[in-house]
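# Architecture at a glance
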Amino acid sequence: MDYPKHFKPESLMMSYGYKSSLSEGAIKTPIFQTSTFAFESAEAGKKFFEVAYGLREKDPNEELGLIYSRLNNPDLEILEDRLTLWDKAEEAAVFESGMSAITTVLMEFLKPGQFVLYSSPVYGGTDHFINHVLPKYGVSGIAFKATATKEEIRKQVEDAGAVGKVGLIYTETPANPTIALVDIAMCRVLADELSVGDEKVYVAVDNTLMGPLWSHPLDHGADMVVYSATKYIGGHSDVIAGACLGSKEVIGRIKTLRTFFGNMAGPWTGWLLMRSLETLKVRMEKQATNATQVAEFLASNTKVEKVHYLGMIEEADPQYAIYKRQYESPGAMLSFEIKGGEKEAFKFLNSLKLIKLAVSLGSTESLAEHPKTMTHIDVSPDDQKTFGITDNLVRISVGVENPEDLIWDIKQALEQV
Ligand SMILES: *Cc1c(COP(=O)(O)O)cnc(C)c1O
């Protein structure tokens, strides 16, 4: 598809990668609800298999043939092409969930005897996989605090006897729910220092909270970006999906493992995500302006002790420089400490009328939850303390509603406390 280079991703989300002439002129990509594809000839089938199994490189002008929906399907391939535009990645791979994207990355880039160096806190499912599943395959995790310096992390690697044995640095930034920021460029330098010979240490970043609009980890030295596409990319709380983006080499490896895990997304999921991508930018921008207003309201309310929001990091804070470098917006996720403890937090949550009490984030509707007893219940009490996951902490994912209604709802709920 030949579009001028200067076209922005939001202009291409309705058409990029799709040829309507191949589908009876349909403006929208049909749902290719099929498990397998007919070859025009045995020779054509042979050619497709040669490329799919890496026996030869695709010729520059060759159309990659469709074989079987575990390997490729138009709804996934077009979606993958569109996703690459936001992160300026060479390639993308779509999965049936964020967790399947993450676990496939961890399995592909780690082998027995190696360590994964990961920022903490990470998403609960990721944490569980690193600490309870990877050890069965001889892989150990070393957790570093989001705000740790390179020297501190290096010392941890030395103390763990892991020098020369780190396979992957895995980070999630901003950390959830306290929005602590990890310096991706620092992780890149550390990964290069820890690489031995041609055994490269890769850097993966879970960009679910700020991507694909406001943060582009590949620009800061990451080798791959992973998403729970269930969140902003899907954006309507009606689909579970995931994605991973990076260079041709990295995604080639990931897609090969995906073929054998069989954890690619189905055509219906691909179609839903394409529809979501058309409004991604307008949704996320509206959510961020709403979140800024909600954060300001909360900060001015006497029942609120402290607001955690990227837009409120003080310039004197060392995190401010990372914020300015890595992010183009304060985003639409915030958390706040209500005066009191669990009782007051619960009273607030139970009093909301418009904002729904649910986990997950990034969707059109605003959602509120209590991290300590919900999303982060699995985090040890010590870690909860370290990361500031307190009894009085409430997390809000801000949606696209009218901001006056959101503020009205929060105000009346605070008054009930
Ligand atoms: C939700 C989430 C995941 C897991 O994604 P699923 O789509 O639920 O499998 C991973 N990382 C982050 C940051 C998330 O918010």
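Residues numbered from 1 in each chain as written. Predicted model: local features only at pLDDT ≥ 70, side-chain atom pairs only at ≥ 80, totals over all residues. Heavy atoms only, no water.

### Some remarks on the overall build of the protein
Definition in use: Helix numbers and strand numbers start at the N terminus; a helix is a DSSP run of H or I with at least 4 residues, a strand a run of E with at least 2. Both definitions apply: the radius of gyration is a C-alpha atom measure, and the globule rule equals 2.2 Å times residues to the power 0.38. Throughout this description, buried means an accessible area under 20% of the type-specific maximum (1.4 Å probe, protein chains only), exposed means over 50%, and partly exposed covers the range between. In this analysis, two residues are considered to be in contact whenever any of their non-hydrogen atoms come within 4.5 Å of each other. Areas reported as accessible are Shrake-Rupley estimates using a 1.4 Å probe. Residue values count occlusion only from the protein chains shown. For the purpose of charge, His is not counted, nor are the chain termini; Lys and Arg are scored as positive and Asp and Glu as negative. The location of each charge is read from NZ of Lys, CZ of Arg, CG of Asp or CD of Glu.
Counting its regular elements, the protein contains 14 helices and twelve strands. Its C-alpha radius of gyration of 22 Å places the protein within 12% of the 22 Å reference for a compact globule of 417 residues. Taking the principal axes of its C-alpha atoms as reference, the protein extends roughly 75 × 55 × 40 Å. Burial statistics for the protein: of 417 residues in total, 53% are counted as buried. Residue pairs at least 24 apart in sequence account for 72% of intrachain contacts in the protein once pairs closer than 6 positions are excluded. Looking at the protein as shown, the accessible area adds up to about 18800 Å², and 54% of this sits on carbon and sulfur atoms. Averaging the positions of the 42 positive and the 57 negative side-chain charges in the protein gives two centres separated by 1 Å.

### Things to note about the domain arrangement of the protein
Applicable threshold: Start and end positions for the domains come from either an automated domain assignment or a database one. By convention, the term buried area covers the 1.4 Å-probe accessible surface removed from two parts as they join, with the contributions of both added. A carboxyl oxygen of Asp or Glu within 4 Å of a side-chain nitrogen of Lys or Arg is what we treat as a salt bridge.
Entries for the protein in the domain assignment read domain 1 (74–277) and domain 2 (281–415). A straight line from the C-alpha centre of domain 1 to that of domain 2 covers 25 Å. If you look at the interface, domain 1 gives 36 residues, while domain 2 gives 38 residues. For the pair domain 1 and domain 2, the two sides together bury roughly 3200 Å², of which 61% comes from carbon and sulfur. Area buried by domain 1 at its contact with domain 2 is led by Leu181, Trp214 and Tyr232, which between them contribute 25% of it. Linking domain 1 with domain 2 are one salt bridge, by the criterion used here. Here Arg325 and Asp183 are joined by a salt bridge, their closest N and O atoms 3.1 Å apart.

### Some points on the site of the ligand
To keep things clear, this is the line we draw: If even one non-hydrogen atom of a residue comes within 4 Å of a molecule or strand, that residue is called near it. What qualifies as a polar contact is a pair of N or O atoms within 3.5 Å, subject to a donor-acceptor requirement within protein and to the restriction that residues adjacent in sequence count only when both atoms come from side chains. Note on residue classes: Ala, Val, Leu, Ile, Met, Phe, Trp, Tyr, Cys and Pro are nonpolar, Asp, Glu, Lys and Arg are charged, and everything else, Gly too, is polar.
With respect to spatial proximity, 14 residues lie near the ligand, and among them Met99, Asp206, Ser228, Thr230 and Lys231 are the closest. Backbone polar atom of Met99 to an oxygen atom of the ligand: 2.8 Å apart, as the coordinates give it. If the ligand stood free it would expose 380 Å²; the protein chains cover 94% of that surface. Top element by residues in the shell around the ligand is helix α4 (residues 98–108). It accounts for three residues. In the shell around the ligand, the residues fall into six nonpolar, five polar and three charged.

### Looking at the state of the cysteines
The condition is simple: We call a pair of cysteine sulfur atoms a disulfide whenever their separation is within 2.5 Å.
Throughout the structure, instances matching the rule amount to zero disulfides. Note on Cys187: no disulfide assigned, nearest cysteine sulfur contributed by Cys244 at a separation of 16 Å. According to the relative accessible area criterion, Cys187 is buried, its value standing at 1%. You can call Cys244 buried: its relative accessible area is 0%.

### Quick notes on the sheet that holds strand β11 (residues 367–369)
Paired through backbone hydrogen bonds, the strands of a sheet run either parallel or antiparallel to each other. Operational definition: DSSP bridges decide pairing: two strands pair if at least two such bridges lie between them. The angle between two axes is taken between their N-to-C directions and runs from 0 to 180 degrees, where each axis is a line fitted to C-alpha atoms and a helix contributes only its stretch in contact.
On the basis of which strands lie adjacent, the open sheet formed by five strands has the order β8-β9-β12-β11-β10 and mixed pairing. Whereas interior strands pair on both sides, the edge strands pair on one side only; in this sheet they are β8 (304–308) and β10 (356–357). The sheet contact formed by β8 and strand β9 (residues 333–338) spans four bridges and is antiparallel. Bridge pairing in β9 places Lys306 opposite Glu337. Its contacts with the sheet place helix α12 (residues 342–351) against β9, β10, β11 and β12 (393–397), and it is angled at close to 130° to β9.

### Quick notes on the sheet that holds strand β6 (residues 224–228)
In spatial order, the strands read β1-β7-β6-β5-β4-β2-β3; together these seven strands make up an open sheet with mixed pairing. Of all the strands in the sheet, the pair left with one neighbour each is β1 (91–95) and β3 (140–145). In this sheet, neighbouring strand axes are inclined to one another by 20° on average, regardless of whether the strands run parallel or antiparallel. With four bridges joining them, strand β2 (residues 115–120) and strand β4 (residues 166–172) adopt parallel strand pairing. Pairing of Phe115 across the sheet is with Val166, part of β4. Those strands touched by helix α7 (residues 184–194) are β2, β3, β4 and β5 (202–206), and its axis lies near 175° from that of β4. Contacts from helix α8 (residues 248–261) reach β1, β5, β6 and β7 (242–246), with the element oriented near 25° to β1.

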